[in-house]
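# Remarks on the overall topology
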Amino acid sequence: MTQVTGFGNNPTNLGMYIYVPARPASRPALLVLVHYCGGSASGIFNGNGHDYVTAADRYGYIIVLPEATRDGHCFDVSTPAALKRNGGGDSTGIMSMVAYARSHYPIDAARIVVSGFSSGAMMTNVLAAQYPDVFAAASAFSGVPAGCFATTNGSLWNSQCSGGTISKTAQQWGDQARAMYPGYTGRYPRMQLWHGTTDTTLAYPNFGEELKQWTNLAGLSQTPAFTDHPQSSWTRTRYGNTGTQATVEGISIAGVGHQLPMSGQLAYAIAFLGLDGASGPPPSSTPPVSSPPVSSPPVSSPPPSAGTGACRVADTISAWNNGLTSSITITNTGSTTISHWSLAFTLPGGQTITGGWNATYSPSSGQVTATDAGYNAVLAPGASTDIGFQATHTGNTAKPSGFTLNGATCTTA
């Protein structure tokens, strides 16, 4: 496990660690592994997450391990910044880590997955809700629904949620997750949920609330399509696809408290997440199920016409003293796939780009063009990609203007 610094926009000062096995796969999967409250990257790497590490040695996938550095070492899944895509919370920093890994290794974009325990399980739910176009699947051990821990007083703890007293309809939970990425109409990640029935830290009713949320996001009934007992104390329910990589899967462990994962459980998560080399459904950045999927060209093939089409740009500025960061989401709102893109815009006077992520920027001021980084070059209809830059300013912290994608004028959100 190696620490990485300077990996991109990191508004909450998270630590980043990465594990690359000695013999990585030619197109490795990427696992984001998120630690529990009071934990650390090394704690989960060497402790109850170590089965993920030994499996990485076997299957060749790469692991990114975020580390919370605030007092208590818990991840923020409570504040407004934390519960909004590109909102400037912990999830923003974690996605910078994902972008760093994708820019330094030939990651298989169809197999970017996330798993976490306790506080990390809550973050797993949040990341899957905010970035459904990035994560193909998720596995959460002892978590709560995305948005359940929301607070309005600055606290990172919600005792009503932890106590299991917040109950909503499936539609309400689904809408709460959808509000984290407004306008998104594509697939949501496959979700695997684990919980012990005697958990009093994050009470067991949260398990049922999670199942409501993720079956709703998948457009499924709350009635299981499959139920079995892999071990005598386990009850496993599957929704939608009933195979190893079900659309939604819940595993309830009788008589067990807040102590997951237990020995042998990560093997089930590894298979569900597709980290054993098996590919699951297409990544959630493809069009919705009702639309015909668009295939990306093989790497060895000449790219098709880049296309223009329509586009939408959302830009969030975070400014301080004489510096700022600009986090930009580009969405292909047209009907044809864009295979390579260049985003042109006008930088406000007095702003000068000093660094960027997920794109190359030239020149550093005035009329700027951001060009894809290769791994994010293909944008299917409805798909999005996140880029951004850091800049100095002389007092003008306005957003860039005049966005065009491959020459087509973009609407701004």
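Refer to the structure printed above.
Below is a short write-up of the structure. (Residues numbered from 1 in each chain as written. Predicted model: local features only at pLDDT ≥ 70, side-chain atom pairs only at ≥ 80, totals over all residues. Heavy atoms only, no water.)

### Some points on helix H3 (residues 90–104)
Compared with the 21 Å implied by 1.5 Å per residue over 15 residues, the 22 Å span of H3 between its first and last C-alpha is a close match. Of all 15 residues in H3, 13 are buried; the element is thus mostly enclosed. (Helix = DSSP H or I, 4+ residues; strand = E, 2+ residues; numbered from the N terminus. Expected span 1.5 Å × (residues − 1). Buried < 20%, exposed > 50% of the residue type's maximum accessible area, 1.4 Å probe, protein only.)

### As for the packing of aromatic side chains
For the structure on display, the rule yields 14 aromatic pairs. Aromatic pair Trp-234 and Tyr-268: ring centres 5.0 Å apart, planes at 65°, arrangement edge-to-face. Highlighted residues: Trp-234 in strand E9 (residues 234–239) and Tyr-268 in helix H8 (residues 265–273), separated in sequence by 34 residues. With a relative accessible area of 3%, Trp-234 lands in the buried category. Through pairs of rings, three or more aromatic residues link up here, namely Phe-117, Phe-141, Trp-194, Trp-234 and Tyr-268. One cation-aromatic arrangement involves Lys-168 over Trp-173; the distance from NZ or CZ to the ring centre is 4.9 Å. We note Arg-190 situated over the ring of Phe-272; from NZ or CZ to the ring centre the distance is 4.6 Å. (Phe/Tyr/Trp six-rings, centres within 6.5 Å; stacked < 30°, edge-to-face > 60°. Lys NZ or Arg CZ within 6 Å of the ring centre and 35° of its normal.)

### Here we look at the sheet that holds strand E4 (residues 62–67)
A sheet is described by the order of its strands in space; here 10 strands give the open sequence E1-E2-E4-E3-E5-E6-E7-E10-E9-E8, paired in mixed fashion. In this open sheet, the two edge strands, each paired with only one partner strand, are strand E1 (2–4) and strand E8 (226–228). When strand polarity is set aside, the average angle formed by the axes of neighbouring strands in this sheet is 15°. Inspection of the sheet shows E9 paired to strand E10 (residues 248–253) by six bridges, in the antiparallel sense. (Pairing = 2+ DSSP bridges. Axes fitted to C-alpha atoms, helices over the stretch in contact; angles between N-to-C directions.)

### Digging into the state of the cysteines
Counted by the stated rule, this structure contains three disulfides. A disulfide bridge connects Cys-37 with Cys-74, and the sulfur atoms are separated by 1.5 Å. Note that Cys-37 is positioned in the loop between strand E3 (30–34) and helix H1 (41–46) and Cys-74 in the loop between E4 and H3, a separation of 37 residues in sequence. Judged by relative accessible area, which is 36%, Cys-37 ranks as partly exposed. Overall, the relative accessible area of 18% leaves Cys-74 in the buried class. (Disulfide = S-S within 2.5 Å.)

### Brief notes about the packing of helix H6 (residues 170–178) against helix H7 (residues 205–217)
A packed helix pair is summarised by two numbers, namely the angle formed by the two axes and the spacing between the axes. Running from N to C, H6 and H7 cross one another at 70°; their axes reach a closest spacing of 8 Å. What the angle tells us is that H6 and H7 run roughly perpendicular. Contact residues: H6 offers Ala-170, Gln-171, Trp-173, Gly-174, Ala-177 and Arg-178, while H7 offers Glu-209, Lys-212, Gln-213, Asn-216 and Leu-217. (Parallel < 35°, antiparallel > 145°, perpendicular 65-115°, else oblique. Contact = heavy atoms within 4.5 Å.)

### Concerning the nonpolar core
Counting residues in hydrophobic clusters, the biggest one holds 56 residues, and the most contacted among them are Met-16, Leu-30, Val-98, Met-123, Leu-127, Phe-135 and Trp-214. In this view, Met-123 contacts Val-34, Phe-75, Asp-76, Val-77, Asp-90, Ser-91 and Ile-94; residues no more than four positions away in its chain are not counted. (Core = buried A, V, L, I, M, F, W, Y, C linked by side-chain atoms within 4.5 Å.)

### Considerations on the sheet that holds strand E20 (residues 411–412)
Judged by pairing direction, the sheet is mixed, and its five strands sit side by side in the order E14-E17-E12-E11-E20 without closing on themselves. The sheet is open, and its two edges are formed by strand E14 (352–357) and E20, each paired on a single side. Examined bridge by bridge, E14 and strand E17 (residues 384–392) share five bridges and lie antiparallel to one another. Across the sheet, residue Ile-353 finds its bridge partner in E17, namely Ala-391.

### Overview of the environment of Leu-127
On the secondary structure map, Leu-127 appears in helix H4 (residues 119–130). Between the C-alpha atoms of Leu-127 and Ile-94, which are 33 residues apart in sequence, the distance is 8.8 Å. Leu-127 has contacts with Ser-91, Ile-94, Met-95, Val-114 and Phe-135, leaving out every residue within four places of it along the chain.

### Notes on the environment of Trp-214
With respect to the helices and strands, Trp-214 occurs in helix H7. Linking Trp-214 and Ala-56, residues 158 residues apart in sequence, is a C-alpha distance of 27 Å. In this view, Trp-214 contacts Asn-125, Ala-128, Ala-129, Tyr-188, Pro-189, Met-191, Leu-193 and Val-248; residues no more than four positions away in its chain are not counted. Only 3.5 Å separates the side chain of Trp-214 from the side chain of Gln-213, close enough to count as a polar contact. (Polar contact = N/O pair within 3.5 Å; in protein donor to acceptor, adjacent residues only side chain to side chain.)

### A closer look at the pattern of salt bridges
Under the definition given, this model contains eight salt bridges. Between Lys-212 and Glu-209 there is a salt bridge whose closest N-O contact spans 3.1 Å. Linking Lys-212 with Glu-209, this pair stays in helix H7, spanning three residues, or about one helical turn. Glu-209 matches Lys-212 in its accessibility class, with the two residues each being buried. By sharing partners, the salt bridges in this structure join Arg-85, Asp-133 and Asp-386 into a single network. (Salt bridge = Lys/Arg side-chain N within 4 Å of Asp/Glu carboxyl O.)

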